[in-house]
Amino acid sequence: MTSNHKDSNTNTYIPNRAKPIIMMVFWIVVIVGIIFLVRWAILSANKNRGFKSGKSALDILKKRYARGDINKEEFEDRKKDLL
């Protein structure tokens, strides 16, 4: 009995010169993906750090007034809202 079936890999033929290019593209995608994940993790950790500072809204308002970001009228209005 002879089999007329060809090797199952013949349907997905990739030329030998293309294989290193495909491998390089694959690893570039993996490395770029890891870089973006690390960057996202660092940025999200920095965003959450502000909420854990323990400063109250009134403390933040006082700092903004001291820096000159808001005037006395705005300070008093917002202070009234907070208290």
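These lines cover the structure that appears in this document, whether it is placed above or below. (Residues numbered from 1 in each chain as written. Predicted model: local features only at pLDDT ≥ 70, side-chain atom pairs only at ≥ 80, totals over all residues. Heavy atoms only, no water.)

### Things to note about the pattern of salt bridges
Here's step 1: Going through the model one piece at a time under the given rule, you end up with two salt bridges.
Here's step 2: A salt bridge links Asp 69 to Arg 67; the nearest nitrogen and oxygen atoms lie 2.7 Å apart.
Here's step 3: Its salt-bridge partner being Glu 74, residue Arg 78 comes within 3.3 Å of it at the nearest N-O pair. Here Arg 78 pairs with Glu 74, and both are found in helix α3 (residues 72-82), just four residues apart, close to one helical turn.
Here's step 4: Among the residues examined, Arg 78 registers a relative accessible area of 33% and is labelled partly exposed. (Salt bridge = Lys/Arg side-chain N within 4 Å of Asp/Glu carboxyl O. Helix = DSSP H or I, 4+ residues; strand = E, 2+ residues; numbered from the N terminus. Buried < 20%, exposed > 50% of the residue type's maximum accessible area, 1.4 Å probe, protein only.)

### Concerning the packing of aromatic side chains
Here's step 1: Per the counting criterion, the structure on display carries two aromatic pairs.
Here's step 2: Here Phe 26 and Trp 27 contribute two aromatic rings whose centre-to-centre distance is 5.1 Å and whose plane-to-plane angle is 75°, an arrangement assigned as edge-to-face.
Here's step 3: Plain terms: the ring middles of Tyr 65 and Phe 75 are 4.7 Å apart, the flat faces sit at 20° to each other, and that makes the pair stacked. Placement of Tyr 65 in helix α2 (residues 57-67) and of Phe 75 in helix α3 is noted, with a sequence separation of ten residues between them. (Phe/Tyr/Trp six-rings, centres within 6.5 Å; stacked < 30°, edge-to-face > 60°.)

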